[in-house]
Amino acid sequence: MTADQQRFRDQRLTAWHFAAGEVLVHCPRCAECARVVVVPGVGAELREARRLVCGRCGCVRDQTGGTQYGQAPTGTMRDPYLREPLWLQGDCGGNVLWAYNEAHLDYLEAFVGARLREKVVVGEGEWRRRMTMVAKLPAWLKAAKNRERVLRGIQRMRATLQP
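Residues numbered from 1 in each chain as written. Predicted model: local features only at pLDDT ≥ 70, side-chain atom pairs only at ≥ 80, totals over all residues. Heavy atoms only, no water.

Quick look at helix α2 (residues 102-113) now. An ideal rise of 1.5 Å per residue puts 16 Å on twelve residues; α2 measures up with 16 Å between its terminal C-alpha atoms. Of all the positions in α2, only His104, Leu105, Tyr107, Leu108, Phe111, Val112 and Gly113 are classed as buried. The N-cap residue of α2 is Asn101: its side-chain oxygen and the backbone nitrogen of Ala103 are 3.2 Å apart. (Helix = DSSP H or I, 4+ residues; strand = E, 2+ residues; numbered from the N terminus. Expected span 1.5 Å × (residues − 1). Buried < 20%, exposed > 50% of the residue type's maximum accessible area, 1.4 Å probe, protein only. Polar contact = N/O pair within 3.5 Å; in protein donor to acceptor, adjacent residues only side chain to side chain.)

So this is what it looks like as structure tokens:
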């Protein structure tokens, strides 16, 4: 591992940054991996129309309501648009480890795997963003004692992605 791989610098991204593009979910018809994407021709704004598309069974479903972030009452994480269970989620020592997509998974892996984690200091006159995703991560995910367990969980999720 190089010095750069041991260092993580917070890029001031929020979870919404990762949900803005493609979100991987369980298809409601066949339970395989489907994608929730921006409806073509509508634009790429966070809260614009979304469509679930399954390449396996051909299921297509459009968003009918607004966005909601978080867990369902059953404890599973769901996408904020169509409320389908996220594809990339799993148990990690009694906690739910989840990601919206592969880019989100990569960012989490870089953070968890880093021995040195740097916060970005907002200078005077710079635009201030809400708390970053890294700042909001739960303590169990940030703890060095859980590093190997979390990295194994990330690798298990990564193995479910199609080549």
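Scanning the entire structure with this criterion turns up five aromatic pairs. Between the aromatic rings of Phe8 and Tyr107, the centroid separation amounts to 5.2 Å while the plane-to-plane angle is 70°, which identifies the pairing as edge-to-face. Of this pair, Phe8 sits in strand β1 (residues 7-9) while Tyr107 is found in helix α2, placing the two residues 99 residues apart along the sequence. One exposure class covers both Phe8 and Tyr107, and it is buried. Each residue in the set Phe8, Phe18, Tyr107 and Phe111 is aromatic and connected to the rest through ring pairs, giving one cluster. A cation over a ring is seen here: Arg50 above Tyr81, with NZ or CZ 4.2 Å from the ring centre. Across the ring face of Phe111, the terminal group of Arg117 is positioned such that the distance to the ring centre comes to 4.1 Å. (Phe/Tyr/Trp six-rings, centres within 6.5 Å; stacked < 30°, edge-to-face > 60°. Lys NZ or Arg CZ within 6 Å of the ring centre and 35° of its normal.)

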